[in-house]
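What follows is each chain in one-letter form.
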Amino acid sequence: MRIIVGITGGIAAYKSPQLVRLLRKAGHEVQCVATTHALQFVTQLTLETVSGRSLYYDLFSSANSHSTEHIALKDWGEAMIVAPATANIIGKLASGVADDALSTLMLAFCGKPMLICPAMNSQMWLSQPVQRNVAYLQSLQGVAFAGPEGGDLACGVSGVGRMCEPETIVQFFATAFGPKPLVGQRVLVTAGPTYERIDAVRFVGNYSSGKMGYALAEALAARGAEVELVSGPTHLTVSAPGVKLTRVESAREMFDAATATFPSCSAAILSAAVADYRPDHQANHKLKKNGADGMDLHLVQNPDILATLGTMKTEGQRLIGFALETDNEMQNALAKLERKNLDFIVLNSLKNEGAGFGVDTNQVTIIGRDGRTVDSPLLPKREVANLIVDTCL
Ligand code: PMT
């Protein structure tokens, strides 16, 4: 995950570099953002060294001429941890005050996952204004608190107010905001194109590479799900344990594999670009020109795999489809959601540059049956896959 670590001015800031190190060790990318008071306790160089990225602390830095770094970081970050969080930063966020780099970013980040790790004198912590601010922030979507803990405080007294140890914060973060485990779930994924034979050497097909579907299979396997990946012809391979790959060529073969597998699955995500039509006659030999000026290819409709799974779906099973659209995108996607009895539809508009067939990136809108929509920016397909899994399962 891409995590922003916010650091404010308290003695516990000396533990923040260790928190950053642990998060990176756990595979996260970390961007540090500090208040100027924090830099009295921990140096810019230390935070940049442990995070491997430039520190953001100056709202009006000359390197950032338009002063919109907080908005760019709000989009970059998938979650935020503020450790230590002083009474001051808690109060600012609770009151909507944004007067420096960190408080501005925190306000912009509201609604996304944010873990606040307070550290202060126990009387300050227990004071009515701080408790009122904490209660208000706890009521907000996405905000969680870790600590403070009891123990000896820097001011010489003993009481509640110590920031949690970095190891505890990492654990707490994983429980509160980490990827949802899918251990024990079996999920069907379709990927890639289908090839519809014309003769022994030619086919009707499309440009799907399978990258989106394989990324979904890997995202699901990383969470412990057992994945049944039914793939049309692609050059891709899967190395993730937990993914069983069934290769097929045509829509009818994909239909047979998917309908046989779905009853034993808790969910299915159909990202394959299935040919809607196939030649009604498929020659076993290579068709010859025989001097003719043209050739008629008569096509017949393929079965709709997703719509069929929609009729088979039982209570407790989730069905997620894709909609690849070029016009009236939202309207068409909503019609498919309804017609095919889906729980979610992932809209892929070919109008978005860098999205769709063949490329390593994608940009989607996920629409739920309850009307909820989640828009992704242009992201690597691996991250779009994580977003789809987090939103839909
Ligand atoms: O493979 P990549 O190069 O990474 O590209 C990814 C992608 C662009 C193929 C993928 O993100 C995507 O948009 N997949 C859906 C493509 C598609 O065929 O969309 P559609 O709107 O025609 O179909 C709607 C849904 O019905 C899809 O879930 C499709 O899998 C399913 N379908 C369609 C026809 C059919 N006969 N059976 C089906 O199951």
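First, a word on what this report is: a plain description of the structure on this page. (Residues numbered from 1 in each chain as written. Predicted model: local features only at pLDDT ≥ 70, side-chain atom pairs only at ≥ 80, totals over all residues. Heavy atoms only, no water.)

1. Remarks on the layout of surface pockets
In this approach a probe as big as a water molecule rolls over the atoms, and the regions it shows empty are the leftover space.
Point 1. Empty space within the largest pocket amounts to approximately 1,400 Å³.
Point 2. Together, 41 residues line the largest pocket, and M1, E78, N386, L387 and D390 are the ones closest to its centre.
Point 3. When residues of the lining of the largest pocket are traced back to their parent elements, those giving at least two are α3 (69-76), α9 (211-222), β20 (373-375) and α13 (381-392).
Point 4. Considering each element in turn, the lining of the largest pocket owes the most residues, 7 residues, to α13.
Point 5. A per-class count over the lining of the largest pocket returns 14 nonpolar, 11 polar and 16 charged.
Point 6. Looking at which domains feed residues into the lining of the largest pocket, each of domain 1 (2-177) and domain 2 (186-284 + 293-392) supplies at least three.
Point 7. Volume-wise, the second largest pocket comes out at about 880 Å³.
Point 8. If you trace the second largest pocket, you find 40 residues lining it, with A272, A273, V274, F322 and L324 closest to the centre.
Point 9. Broken down by secondary-structure element, the contributors of at least two residues to the lining of the second largest pocket are β8 (186-191), α9, β15 (299-301), α11 (305-312), β16 (318-325) and α12 (329-339).
Point 10. Per-class residue counts for the lining of the second largest pocket are 18 nonpolar, 15 polar and 7 charged. (1 Å grid on protein atoms, 1.4 Å probe; cavity = no way out; pocket = protein on both sides within 12 Å on 5 of 7 lines; lining within 4 Å. Points joined across faces, edges and corners; volume = space filled by probe spheres on them. Helix = DSSP H or I, 4+ residues; strand = E, 2+ residues; numbered from the N terminus. Nonpolar A, V, L, I, M, F, W, Y, C, P; charged D, E, K, R; others polar. Domains from an automatic or database assignment.)

2. Re the pattern of salt bridges
Point 1. Inspection of every chain in the model, using the stated rule, returns 19 salt bridges.
Point 2. Salt-bridge contacts for E383 lead to R2; the nearest nitrogen and oxygen are separated by 2.4 Å. Of the two residues, E383 sits in helix α13 while R2 sits in strand β1 (residues 2-7), which places them 381 residues apart along the sequence.
Point 3. By relative accessible area, which is 11% here, R2 ends up buried. (Salt bridge = Lys/Arg side-chain N within 4 Å of Asp/Glu carboxyl O. Buried < 20%, exposed > 50% of the residue type's maximum accessible area, 1.4 Å probe, protein only.)

3. Overview of the side chain of T104
Point 1. Here T104 is to be found in helix α5 (residues 101-109).
Point 2. Among the polar contacts listed, one links the side chain of T104 to the backbone oxygen of D100, at a separation of 2.4 Å.
Point 3. Residues within four places of T104 in sequence aside, it is in contact with L59, H70, A98 and D99. (Polar contact = N/O pair within 3.5 Å; in protein donor to acceptor, adjacent residues only side chain to side chain. Contact = heavy atoms within 4.5 Å.)

4. Some words on the environment of D370
Point 1. For D370, the location among the structural elements is in the loop between β19 (364-368) and β20.
Point 2. Distance in space between the C-alpha atoms of D370 and G184 is 26 Å, their sequence separation being 186 residues.
Point 3. Within the structure, the side chain of D370 is placed 3.0 Å from the backbone nitrogen of R372, a separation counted as a polar contact.

5. Examining the site of the ligand
Point 1. Inspection of the region around the ligand gives 27 residues, with S208, S209, A272, K336 and N348 positioned closest.
Point 2. Within the contact set of the ligand, an oxygen atom lies 2.8 Å away from a side-chain nitrogen or oxygen of K381.
Point 3. For the ligand, whose free accessible area comes to 770 Å², the fraction covered by protein is 95%.
Point 4. The cavity that encloses the ligand is the second largest pocket. (Near = heavy atom within 4 Å. Areas by Shrake-Rupley, 256 points an atom, 1.4 Å probe, with all protein chains shown as cover. Sits in = over half its atoms within 2 Å of the grid points.)

6. Considerations on the sheet that holds strand β2 (residues 29-34)
Point 1. An order of β2-β1-β3-β4-β5 is seen for the 5 strands of this open sheet, with the pairing classed as parallel. Of all the strands in the sheet, the pair left with one neighbour each is β2 and β5 (143-145). The mean angle between the axes of side-by-side strands here comes to 20 degrees, regardless of whether they run parallel or antiparallel.
Point 2. Here β1 pairs with β2 via 6 bridges, running parallel. Within the sheet, the bridge partner assigned to V5 lies in β2 and is C32.
Point 3. Here helix α7 (residues 128-138) sits on the sheet in contact with β4 (114-118) and β5, set at roughly 130 degrees to β5. (Pairing = 2+ DSSP bridges. Axes fitted to C-alpha atoms, helices over the stretch in contact; angles between N-to-C directions.)

7. Side note on α7
Point 1. Listed as buried for α7 are V130, N133, V134 and L137. Looking straight down α7, one finds its buried side chains confined to an arc of 100 degrees; they lie on one side. Residues of α7 that are exposed and angled more than 90 degrees away from the buried face: Q128 and R132.
Point 2. Looking at the buried residues of α7, the elements they touch are α4 (87-95), β4, α6 (122-126) and β5. (Arc of directions from axis to C-beta.)

8. Description of the sheet that holds strand β11 (residues 226-231)
Two strands in a sheet stick together by hydrogen bonds in their backbones, pointing the same way (parallel) or opposite ways (antiparallel).
Point 1. Taken together, the 8 strands give an open sheet; going across it, the order is β12-β11-β8-β13-β16-β17-β19-β20, and neighbouring strands pair in mixed fashion. Either end of the sheet is taken by a strand with one partner, and the two such strands are β12 (243-247) and β20. Each neighbouring strand pair of the sheet contributes to a mean axis angle of 15 degrees, computed without reference to strand direction.
Point 2. Sheet topology places β8 next to strand β13 (residues 267-270); 4 bridges connect them, and they run parallel.

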